[in-house]
Amino acid sequence: MGFDLQQTIRGRVWKFGDSIETDAINPYYLYPTMAELKLHTMEIYRPEFPREVKPGDIMIAGRNFGCGSSRPGLVLREVGIAAIIAESVARLFLRNSISRAIPIFVVPGVTDLAQDGEMLEVDYPKSVIVNTATGATLPLAKYPPAIEQIFECGGLLQFAYERYIREAALVGRAGLENGRGHEKVI
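Description of the structure in this document. A quick note: this is a predicted structure, and the numbers were derived from the prediction, not measured.

### Points about the side chain of N96
- Along the chain, N96 falls in helix α5 (residues 91–99).
- Residue N96 is classed as buried on the basis of its relative accessible area of 15%.
- Beyond its immediate chain neighbours, meaning those up to four positions away, N96 contacts S70 and R71.

### With respect to helix α7 (residues 145–153)
- Those residues of α7 that sit buried are E148, I150, F151 and C153.
- Just downstream of α7 lies G154, where phi reads positive at about 100°.

### Looking at the sheet that holds strand β4 (residues 104–106)
- Strand order in this open sheet of seven strands is β4-β3-β2-β1-β5-β6-β7, and the pairing throughout is mixed. The open sheet has two edge strands with one neighbour each: β4 and β7 (137–139). Taken over all neighbouring pairs, the strand axes of this sheet differ in orientation by 25° on average, direction set aside.
- Alignment of strand β3 (residues 83–86) against β4, held across three bridges, turns out to be parallel. Bridge pairing in β4 links I85 to F105.

Calculation notes
- Sequence order as written defines the numbering, with residues in each chain counted from 1.
- Where totals are concerned, whole chains, interfaces and linings use all residues; where local detail is concerned, this predicted model gives features only for residues with pLDDT of at least 70, and gives and counts side-chain atom pairs only at 80 or more.
- In computing side-chain values, all of the structure's heavy atoms are included and hydrogens and water are not.
- Working definition: helices are DSSP H or I runs of at least four residues, strands are E runs of at least two. Numbering for both runs from the N terminus.
- Each residue's exposure class comes from its accessible area (1.4 Å probe, protein chains only) as a fraction of the maximum for that residue type: buried when under 20%, exposed when over 50%, partly exposed otherwise.
- Note on definitions: a residue-residue contact is assigned when non-hydrogen atoms from the two residues lie within 4.5 Å.
- Strands were regarded as paired on the criterion that DSSP finds at least two bridges between them.
- Note on geometry: axes are lines fitted to C-alpha atoms, helical ones only across the stretch in contact, with angles between N-to-C directions running from 0 to 180 degrees.

In short, geometric facts, not functional conclusions.
Here's what the structure looks like:
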């Protein structure tokens, strides 16, 4: 199941500051199951978050979002966060999010664009983020085509699998055309 970057995301804002740590996003060492994590994610910063977050909400944050360990932010998708938009994102957290097709965008100035509870619209095809209450906008950078394909496939593992199947089919077709076809495809 892929994520459609061509679909506009609209949601209520949850605003966070700088250096949001993965220990707060995904405190697995205290809560080992996804059901428990969903009840406690981000509570260090906003105790009401796990109780009040709704599907479709958008998280915005300052610099260095997802710093700390290599824990992924899958729990944020599980509680309904439709997109994460931050001034900057820790490199490993960004890669982990993309590999799981969790919509995450780096947008300098985003913390000045909206306040808690306001509505944002993320229009990836038009490369813009809009505060629907004020009309204020910020540009949204596009991902390289390969990253867009990872989102379309639903994550890096599915992307790799689908690519393997496509390339194996091409190798198989070429082998049949050349009188081969019984070789093992590796």
